[in-house]
Amino acid sequence: MQVPRTPNPPPADRDRQARLLALVDTFAQRRVAVVGDVVADEFLTGQISRVSREAPVLILRYHSTTIVPGGGGNAANNVAALGGHVDLYGLVGADEAGRAVTKAFPRTVRLSGVMRPEGFRTPTKTRVLAGGIHSAKQQIVRIDREPSDPPPAPALQAFTDKVLATIDRADAVLLSDYGYGVVTPLLAEAIVHRLASSARRRQVPVLVDSRYNLGAFSDVTACTPNQPEVEQLLGVRINDDLDVLERAGRTLLRRLRMNAVLVTRGSHGMSLFEPKLPTVHIPIFGSDEIADVTGAGDTVMATMALALAAGATFYEAARLANYAGGIVVMKRGTATVSADELRQAIQSDHAGQAGS
């Protein structure tokens, strides 16, 4: 699926800043459909009291529990925080976690595409955070409660029908696959076919973020794997070797038949691969003293999808995603980035370049 683009290198810094700010200003006019695994991210916090006499473990004096949307839900929240309109499609259980996570969404996230199949269990990730009175809370353990089986076939068919019935009103589609069986390559293929045959005849970018099964997705617009995911998929070790990274990125482009691959590389920033264009390495924005990477990939993908929906080139979308990623990793927990924060990052980055 083709998306209009301009060749690299980017325009002059001043023009580029104006262009990026203009794109952010149009986010509020764009609608993104997020199709994926809705996860309940639970944060249990407390204060370290003492060491137990029963076993060499810390005793945590309980303080509070917070549940926020994770996975595809976090991606949807990030689109909304950036000012975009969001239609969320996913499955949650008729359980306590499912009720809590749906209540946690802001009103700007449309939940008409969220279904509650009988017997489905909401994927829940509980992170226990502990610290002293005057110290920051640190994650000491994570407990994952996941569905033991994929959703039943009738539930998946009903879900697919609901997605295809309304997907063509979106300006971009984000597929968020955390491995719980909701997002499948067949669903992605059906979405691409539906958009291609839509009476509106628009070129709608479809992006995939697949935690464990990226190699099964092809012929969508773009993907944003992190470096360890690329290494696992291709059976290579990249480390800091740009030659290995180059071969890996080009292999993914060919194998998955995508228009762009954006590899996120932690403190090394991001690398953008497009067919017949030079690879662009984008340095990390902000400090490399990262506070928390929880949900950062959702933020990157949400920003990328919204930027492409607004008419950005892949390079412009990657730059905006890099700013958003640099902001969100400085926040603790499952967090979002606002449009104002993104504007400030663009302005401060270009001011710093002008003064250097």
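Just above, that's the structure.
Per chain, residue numbering runs from 1 following the sequence as it is written. The predicted origin of the model limits local features to residues at a pLDDT of at least 70 and limits the giving and counting of side-chain atom pairs to 80 or more, whereas totals for whole chains, interfaces and linings rest on all residues. Where side-chain values are given, they derive from all heavy atoms of the structure, hydrogens and water being excluded.

So, the side chain of glutamate 316: which residues are in play, and what are the values?
A run of H or I in DSSP becomes a helix once it reaches four residues, and a run of E becomes a strand once it reaches two; helices and strands are each numbered from the N terminus. As for its placement among the helices and strands, glutamate 316 is situated in helix α9 (residues 314-328). Whether a residue is buried, partly exposed or exposed follows from its accessible area with a 1.4 Å probe, protein chains only, as a fraction of its type maximum: under 20%, in between, or over 50%, in that order. A relative accessible area of 10% places glutamate 316 in the buried class. Ignoring anything within four residues of it in the chain, the contact list for glutamate 316 reads Arg19, Leu20 and Leu23. Contacts are assigned to residue pairs that have any heavy atoms within 4.5 Å of one another.

Break down α9 for me, with residues and values.
Compared with an ideal rise of 1.5 Å per residue, which puts 15 residues at 21 Å, α9 spans 21 Å between its outermost C-alpha atoms and is within 8% of the ideal. With 15 of its 15 residues buried, α9 lies for the most part within the structure. Every helix has an expected span of 1.5 Å times one less than the residues it contains.

Give a detailed account of unusual backbone geometry, specifying residues and quantitative values.
Despite not being glycine, asparagine 239 has its phi angle at roughly 50°, a positive value. Structurally, the position occupied by asparagine 239 is in the loop between α6 (227-234) and α7 (242-256). Residue classification places asparagine 239 among the partly exposed positions, given a relative accessible area of 46%. Residues other than glycine seldom take positive phi values, yet arginine 257 does so here, at roughly 55°. If you trace the backbone, arginine 257 turns up in the loop between α7 and β11 (260-264). Accessibility expressed as a relative area gives 47% for arginine 257, which makes it partly exposed.

Quick rundown of the sheet that holds strand β13 (residues 280-282)? Include the residues and the values.
Criterion used throughout: strands pair if DSSP finds at least two bridges between them. On the basis of which strands lie adjacent, the open sheet formed by nine strands has the order β5-β4-β1-β8-β9-β10-β11-β12-β13 and mixed pairing. Of all strands in the sheet, those bounded by a partner on one side alone are β5 (109-115) and β13. As paired elements, strand β9 (residues 206-210) and strand β10 (residues 222-223) share two bridges and run parallel to each other. Opposite leucine 207, over in β10, you have alanine 222 as the bridge partner. Only the stretch in contact is used when a helix axis is fitted, and all axes are lines through C-alpha atoms; the angle between N-to-C directions ranges over 0 to 180 degrees. With respect to the sheet, helix α2 (residues 72-81) is in contact with β1 (31-36), β4 (85-91), β5 and β8 (172-177), its orientation differing from that of β4 by roughly 170°.

Can you lay out the pattern of salt bridges for me, pointing to particular residues and giving the numbers?
By definition, a salt bridge exists where a carboxyl oxygen of Asp or Glu is found within 4 Å of a side-chain nitrogen of Lys or Arg. The full count for this structure, using the stated rule, is 16 salt bridges. Residues arginine 31 and aspartate 87 are paired through a salt bridge, measuring 3.2 Å at the closest nitrogen-oxygen approach. Here aspartate 87 lies in strand β4 and arginine 31 lies in strand β1, a separation of 56 residues in the sequence. Among the residues examined, arginine 31 registers a relative accessible area of 24% and is labelled partly exposed. Ionic pairing is found between arginine 169 and aspartate 87, a salt bridge with its closest N-O pair at 3.1 Å. One end of the pair, arginine 169, is in the loop between α4 (153-166) and β8; the other, aspartate 87, is in strand β4, and 82 residues separate them in sequence. Residue classification places arginine 169 among the partly exposed residues on the basis of a relative accessible area of 27%. You can call aspartate 87 buried: its relative accessible area is 2%. Beyond isolated ion pairs, a larger network of salt bridges with shared partners links Arg31, Asp87, Arg110 and Arg169.

Run through the sheet that holds strand β6 (residues 124-131), naming residues and quoting values.
Pairing within the open sheet is mixed, and its four strands lie in the order β3-β2-β6-β7. Every interior strand has two partners, whereas the edge strands, β3 (58-71) and β7 (138-145), have only one. Shown here is a sheet whose adjacent strand axes are inclined to one another by a mean of 20°, direction ignored. Pairing geometry for β6 and β7, over seven bridges, is antiparallel. Across the sheet, residue threonine 124 finds its bridge partner in β7, namely arginine 145.

Break down the packing of aromatic side chains for me, with residues and values.
Pairing of aromatic side chains here covers Phe, Tyr and the six-membered ring of Trp, requires ring centres within 6.5 Å, and sorts the geometry by plane angle: under 30 degrees stacked, over 60 edge-to-face, intermediate tilted. Evaluated as defined, the whole model comprises one aromatic pair. Each ring, one from phenylalanine 285 and one from tyrosine 323, has its centre 5.1 Å from the other, and the planes form 85°; the classification is edge-to-face. With phenylalanine 285 in the loop between β13 and α8 (296-309) and tyrosine 323 in helix α9, this pair connects stretches of sequence that are 38 residues apart. As far as the burial class goes, phenylalanine 285 and tyrosine 323 line up, both buried.

Interpretation in functional terms is not warranted from these geometric data alone.
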